[in-house]
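Letter by letter, the chains look like this.
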Amino acid sequence: MTRFGRSISSELSTDETLRRAKTLTGSAAKALPSATAKYLVDKVPIVRWLPTYSPKWLLNDVIAGITIGVLLIPQALAYAKIATISGEFGLMSSWLPPLLYAVMGTSKDLSSGPTSIMGLLTAEIIADFIQEGYKAQTIAGVVTFVVGIYSLLVGLLKLGFVLDFISIPVLSGFVSAAGITIMLGQIPALFGETGVRSGTSNILYDFFTKLPQTKWLTLVIGLSGILLVTLMQMAGKRWGKQYRAIWVISICRNAIVLVIFTSLSFGLNKDLKKPLFDVSNISKTSIKPPVLPSMTLVQKVSSRCLTVFIAMALEHLAIAKSFGRRHGYIIDESQELVFLGVSNLFNGFFFTMPTGGAFSRTAVNSESGVKSPLGGIVTAGFVILSIYFLTGALFWIPKATLSAIILTAVWQILIPVSTFYRYWRTSLPDFAASMISFWVTLFVSVEMGIAFAVSFSILHLLLRTAFARLTTVTPTTIGSMYPSAPKGTLPSDTQIFRFTQSMTFPNAARTKTALLTHVKIYSSGNESLGQEKDKSDMLWSEAGQNKQTEKLRSRAKLAYQPVPLRYVILDLENVDYIDTTGLEALQEAKKELQAFAGNDLELRFVGLNDLVRTRFEMSGWRLVDAEDIVEDMGSDKKLMGEVSYEDADQRGKNAGTPKLRPKMSEDVGTLEVEARQSYIPYNLLQGNARSALLFDQFQPPGHFILGYFASVWRISPNSAISLQNWSCRSGPLICI
């Protein structure tokens, strides 16, 4: 093999990236069969828990399933009204999700079906495309179909982490604004007003303009419905735990109000050509055969459906995780997204609206004592019976009653003002993000509200990364930053910098500049490098830089004259990751530091994790453990006090780069130090903890640096330094 071939072979055999790729590929190939089987089983969780299902749970699940069915029917009708589709399509949206969740769900409590927020988002898309001649239910079905595709892809590929880019404050602002928008949309119907435009400002203007046209009978029916629902809810909260009958009435309050006012409407309007008040006009229906959505319409609404998917997934996962924490179980977020994908994908063939987890129904399901997702099968059966046998009677439901149900339901999802005040007290950027989400959603659109708020949050995150702080360790702060370090004064020829986060391309240049600027302010250049340059030999920028440095020193109000720099210690304990730009920036910083302070400058790293150290070494840095550096000064006996200081002085001046060899010695115990002018770097092994001990130009009262923490003790001449009880966290590295 030629020299070139051997060189290539050597490079390939030592390439860390190739080694990792080979290891991961081999591990993946071995794990593929078992991982595939587990992956498929995870998509059908009922296979795991059904064999252990206890017959004692069946009664609880049946009761919970019927309870949710009674609650779901009026909500489905009301949320279909929000979505601007006919009520029967709200019912059609409600039977498949609970049935599939029994097979695919990972939460025993969650109830899936239409929600108010899904209704609002669907209505916005319908309003934009209905002018093109499509029916409202057709647009809603296509939206459901596309949302299902998005959710299924994200769930199968386990990409749910992308939803983490939407913070809780952003979600809070969005939910509150969406709730207010829904409530504003129902107020005109409560007053019997018609012809009101969409949009917050338009609704407010049209409502007050048409206020003289209020239909008082409609208003009485609507306000009576709100009053009855509220009274039953309050009674349930106060006496529901003591009396089971009151709890049942409270849970079924929407259905009770629906029955009361539907019966009243039927009695008053059945013989009239024109009803006394607006009714829902729900047609008798049944489950129709599935129809493939229009691919042309799919292409048109696909981009708009991203917001619907994000809102649906966030709401669903937040509810599932909340009740999981409450009852002590863990949900599978990716599997929940797969369920949302499958249920909405198939629902899209039946002209339905998007569905997901609903907080109110989930809370009722939990309070009903549900034991497993099996209750969803009972709920689905109850809804199917309603579709076939009750839709004829639902024709007479007053629209004002549906508005009353919507208003009382949506009121509960509004985020309290105290929450936003807490954001203000805790974090101004979080408060700003929540306000952007709230006001833009309220007055522009849901899509723009989420988009602007998320963009602001990501921009803030990038700016925080780009403007990462570089903490400088000073004699007054060293004790607080390193509590286990001995107390003392930091030598004036040493500077310690503590990185607060990873060093990557957004902050690399700024971090390097901050480091070099601080060095030049608080230290002077090495005068031994040569006489000051003649002005004619200076670079065009040097004079300006020197003046800028003097100006910064003046602002810093130094109480001492800067001295030459000998040691720069970088604490990288908080650096979990460093990229190529960060490595290049540190390489440039090293060159500039040596140009400023001389080649004798020692650059030390503390707290490197394995990944960061490997990246340094892969990029060409030569890092050596401090305990492996020893000055070639003769036998180990000299370490115990037999050092010729005159000889050491000469070696310190002429030796240049220290020689490297592993150092093994016995415990040193107590070391007597005499103060005198000398450079004597010793390697010290104390028990199992190695330290790099540097002595540099001792003058009364003398200093020394213990390299593990760059900690400093002040000692007097001829005093004894005991290291018997010193414990070390992690060894320093010296860059040579």
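Residues numbered from 1 in each chain as written. Predicted model: local features only at pLDDT ≥ 70, side-chain atom pairs only at ≥ 80, totals over all residues. Heavy atoms only, no water.

**Q** It is not clear to me how the overall build of the protein should be interpreted in this structure. Could you clarify?
**A** Assigned secondary structure in the protein consists of 28 helices and 14 strands. Counting only contacts in the protein whose residues sit at least 6 apart along the sequence, the fraction spanning at least 24 positions is 79%. Entry remark: accessible area of the protein is about 37,000 Å², with carbon and sulfur atoms responsible for 61%. (Helix = DSSP H or I, 4+ residues; strand = E, 2+ residues; numbered from the N terminus. Contact = heavy atoms within 4.5 Å. Areas by Shrake-Rupley, 256 points an atom, 1.4 Å probe, with all protein chains shown as cover.)

**Q** What is the right way to look at the nonpolar core in this model?
**A** A general trend in soluble globular proteins is that nonpolar side chains are found buried together. Membership of the largest hydrophobic core comes to 90 residues, with the highest contact counts inside it found for Leu77, Ile85, Ile117, Met118, Phe174 and Val301. Broken down by element, this core gets its largest block of residues, 11 residues, from helix α15 (residues 305-327). Other than its neighbours up to four places away in sequence, Ile117 contacts Phe174, Val175, Ala178, Ile182, Ala311, Glu315 and Ile413. Formed by 28 residues, the second largest nonpolar core is a distinct cluster that contains Phe497, Leu586, Phe596 and Leu608. (Core = buried A, V, L, I, M, F, W, Y, C linked by side-chain atoms within 4.5 Å. Buried < 20%, exposed > 50% of the residue type's maximum accessible area, 1.4 Å probe, protein only.)

**Q** Would you explain unusual backbone geometry in this entry?
**A** The phi angle of most residues is negative, glycine excepted, and most peptide bonds adopt the trans form. With a phi angle near 65°, Thr84 is a residue other than glycine that sits in the positive phi range. Relative to the assigned elements, Thr84 resides in the loop between α4 (58-82) and α5 (87-92). A positive phi angle, close to 55°, is found at Phe351, a residue other than glycine. With respect to the helices and strands, the residue Phe351 is situated in the loop between α16 (333-347) and β2 (356-357). Under the relative-accessibility criterion, Phe351 is labelled partly exposed at 27%.

**Q** Before we go on, may I ask you to explain the side chain of Ser250 in this structure?
**A** Summarising the element assignment, Ser250 is placed in helix α12 (residues 244-251). With residues near it in sequence (within four places) discarded, Ser250 still touches Met232, Gln233 and Gly236.

**Q** It is not clear to me how the confidence of the model for the protein should be interpreted in this structure. Could you clarify?
**A** As a note on interpretation, predicted positions should not be read in detail where pLDDT is low. Across the protein, the average pLDDT comes to 79, with 79% of residues at 70 or higher. Taken together, the stretch residues 630-731 has pLDDT below 50 and engages in 217 contacts with residues farther than four places along the chain or on a different chain. (pLDDT = per-residue confidence, 0-100.)

**Q** What am I meant to see in helix α24 (residues 508-522) here?
**A** Residues separated by three or four positions in an α-helix point in the same direction, a consequence of the helix having 3.6 residues per turn. Counted at 1.5 Å a residue, the expected span for α24 with its 15 residues is 21 Å, and the 22 Å between its end C-alpha atoms agrees. Looking at α24, one finds that the buried residues are Ala508, Thr511, Lys512, Leu515, Leu516, His518, Val519 and Ile521. (Expected span 1.5 Å × (residues − 1).)

**Q** Is there a simple way to think about the pattern of salt bridges in this case?
**A** Between side chains of opposite charge, pairing is possible as soon as their charged atoms come close. Considering all chains together, one arrives at 13 salt bridges under this definition. Arg48 is the partner of Asp42 in a salt bridge, and the nearest nitrogen-oxygen pair spans 2.9 Å. Residue Asp42 is classed as buried on the basis of its relative accessible area of 18%. Asp271 is paired through a salt bridge with Lys270; the nearest N and O atoms lie 3.2 Å apart. Overlapping salt bridges, with partners in common, bring together Asp128, Arg304 and Glu447 in one network. (Salt bridge = Lys/Arg side-chain N within 4 Å of Asp/Glu carboxyl O.)

**Q** Sorry, what's going on with the packing of helix α9 (residues 168-190) against helix α19 (residues 399-411) here?
**A** The description of two helices packed together rests on the angle between their axes and the distance between the axes. As a packed pair, α9 and α19 sit with axes 9 Å apart at the nearest point and diverge in direction by 155°. By the criterion of interaxial angle, the relationship of α9 to α19 is roughly antiparallel. Once α9 is placed against α19, the crossing between them reads as left-handed. Every residue of α19 that contacts α9 at Gly179, Ile182, Met183, Gln186, Ala189 and Leu190 is listed here: Ala400, Ser403, Ala404, Ile406, Leu407, Val410 and Trp411. (Axes fitted to C-alpha atoms, helices over the stretch in contact; angles between N-to-C directions. Parallel < 35°, antiparallel > 145°, perpendicular 65-115°, else oblique. Left-handed = near helix turned anticlockwise from the far one by under 90°.)

**Q** Would you mind going over helix α18 (residues 375-389) with me for this structure?
**A** For α18, with 15 residues, the first-to-last C-alpha span of 21 Å sits near the 21 Å given by 1.5 Å per residue. In this fold, the buried residues of α18 make contact with α4, α5 and α6 (96-104).

**Q** Mind showing me how you'd approach the side chain of Thr408 here?
**A** Its location among the elements puts Thr408 in helix α19. Within polar-contact distance, the side chain of Thr408 engages the backbone oxygen of Ala404 at 3.0 Å. Separated by 3.0 Å, the side chain of Thr408 and the backbone oxygen of Ile405 make a polar contact. If we skip the residues at most four places from it in the chain, Thr408 touches Ile226, Val229 and Thr230. (Polar contact = N/O pair within 3.5 Å; in protein donor to acceptor, adjacent residues only side chain to side chain.)

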